[in-house]
Amino acid sequence: MTAYELGETGSADAIPYLISMLGSSRSNDVRLAASGIGKLARRHRVVCNEAVPDLLAALDTPHPQVRQYVLKALSKLDIGPSHSLVEVRRISEADEAEYNRVWAHRILSQTEPGARPLIREKLDELEQLYRECGDDLKILDQILHELSCRKRSKRKQALATDA
């Protein structure tokens with residue numbers, strides 16, 4: 001099967017093959033493998049996370065479109081603090097293709113501490129709400145409860161999709 005066909009299967013069994021294709025010397029194979037991993041990440045995120053180191057290594061290519069597909073796949077995965085984002089930072093600052101700089105900024109905004117402006121805005125809104133309500137701990141308890149329920153729900157969804 002080609003990388004494209006593997007990505008279309010929807011099967012987690014395709015992921016190891018796609019990961020191995022990320023090391024191909026043929027740029028189109030790498031592009032299609034990254035695309036396939038990005039497609040499969042919707043259903044099999046946990047398994048696809050195993051591709052993060054190989055995707056990061058695949059960014060070292062002279063082909064802008066290959067970098068684009070790799071960055072798109074990375075944006076759908078969980079990049080942890082143990083992963084080196086040196087190449088992503090370089091792309092965000094100096095890639096020849098603006099679309100790659102945009103994708104790289106998006107990834108960095110998801111991974112670097114303090115780089116998530118939307119979350120900071122929400123925290124500011126919550127802080128303002130708290131000040132307006134005085135020392136009403138019931139509201140804070142409700143907010144904490146809602147956040148933990150959402151977090152639990154997302155975990156259950158991720159486990160259900162990967163099962």
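Look above for the structure.
Residues numbered from 1 in each chain as written. Predicted model: local features only at pLDDT ≥ 70, side-chain atom pairs only at ≥ 80, totals over all residues. Heavy atoms only, no water.

Caption draft 1: Up close: the overall build of the protein chain. Across its full length, the protein chain carries nine helices and zero strands. From first element to last, N terminus to C terminus, the protein chain shows the α and β order α-α-α-α-α-α-α-α-α. Going through the 163 residues of the protein chain one by one, you find that 33% of them count as buried. Contacts spanning at least 24 positions in sequence make up 58% of the contacts within the protein chain whose residues lie at least 6 apart. Of the roughly 10,400 Å² that the protein chain leaves accessible, carbon and sulfur atoms contribute 53%. (Helix = DSSP H or I, 4+ residues; strand = E, 2+ residues; numbered from the N terminus. Buried < 20%, exposed > 50% of the residue type's maximum accessible area, 1.4 Å probe, protein only. Contact = heavy atoms within 4.5 Å. Areas by Shrake-Rupley, 256 points an atom, 1.4 Å probe, with all protein chains shown as cover.)

Caption draft 2: Layout of the environment of A73. The topology assignment puts A73 in helix 5 (residues 64-75). Here A73 falls in the buried class, since its relative accessible area comes to 1%. Taking C-alpha positions, A73 is 9.4 Å from L40, a pair spaced 33 residues apart along the chain. Residues within four places of A73 in sequence aside, it is in contact with A34, G38 and L55.

Geometry only, nothing functional implied.
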